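Structural features, examined
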Amino acid sequence: MLTVIDEYTHECLAIRTKRQLNSTDVLDCLNDLFAERGAPEHIRFLIEWWRNHYNQVRPYSSLNYRSPAPQAVMIETKSPRLVMPTHQGVQQSIKPKF
């Protein structure tokens, strides 16, 4: 059973029942809802926020409590360096190999 609920209004938007639901069934249900109601306005913002949090902020123990894709910032000095922020706020300098 697939139940789609609006978490903001708590309205049940769709219920699909089938012995086995596959990804096509889920996509069909969502396409029907988008055609009927339009795409949610806030969804792009929430997805982008979650993606940034997952990739840039959320620490992973397997990565020594760093995020999977830390941003590199170029600092202009006589010798350019990359500064890699870590979860603890300590910055690690790396000289690029050009």
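Refer to the structure printed above.
An account of the accompanying structure is given in this report. Position numbers for residues start from 1 in each chain and track the written sequence from start to end. Residue-level local features of this predicted model are given only where pLDDT is at least 70; pairs of side-chain atoms are given and counted only at 80 or more, and the full residue set underlies all totals for whole chains, interfaces and linings. Only hydrogens and water are set aside; all other atoms, that is, all heavy atoms of the structure, feed into the side-chain values.

**Quick word on a nonpolar patch on the surface**
The line we're drawing: Surface patches are drawn from residues lacking salt bridges whose relative accessible area is over 30%; two like charges belong together within 9 Å, two nonpolar side chains (Val, Leu, Ile, Met, Phe, Trp, Tyr) within 5 Å. Methods summary: accessible areas were calculated by the Shrake-Rupley approach with a probe of 1.4 Å, and residue burial reflects only the protein chains presented. Any carboxyl oxygen of Asp or Glu that lies within 4 Å of a side-chain nitrogen of Lys or Arg is treated as forming a salt bridge with it. Strands here are runs of E lasting at least two residues and helices are runs of H or I lasting at least four, both read from the DSSP assignment and numbered beginning at the N terminus. Only protein chains enter the accessibility calculation, which uses a 1.4 Å probe; a residue whose area is less than 20% of its type maximum is buried, one above 50% is exposed, and one in between is partly exposed.
On the surface, F45, L46, W49, W50 and Y54 cluster together into a nonpolar patch covering about 600 Å² of accessible area. By the secondary structure assignment, L46 is in helix 2 (residues 43-57). For L46, a relative accessible area of 40% gives the class partly exposed.

**Overview of helix 1 (residues 23-37)**
In plain terms, the rule: Take the residue count of a helix, subtract one, and multiply by 1.5 Å to get its expected span. Directions pointing from the helix axis toward each C-beta atom define the arc. Here a polar contact means two N or O atoms within 3.5 Å. Within protein one must be a hydrogen donor candidate and the other an acceptor candidate, and residues neighboring in sequence count only if both atoms are side-chain atoms.
Between its terminal C-alpha atoms helix 1 stretches 21 Å, which fits the 21 Å expected from 15 residues at 1.5 Å a residue. Every buried residue of helix 1 is accounted for by D25, C29 and L33. End-on, the buried residues of helix 1 take up no more than an arc of 75°, which puts them together on one face. Facing away from the buried surface of helix 1 by more than 90 degrees, the exposed residues are S23 and A35. Where helix 1 begins, one side-chain oxygen reaches toward the backbone nitrogen of T24, 3.1 Å away; that side chain belongs to N22.

Worth remembering: the numbers are spatial, not functional.
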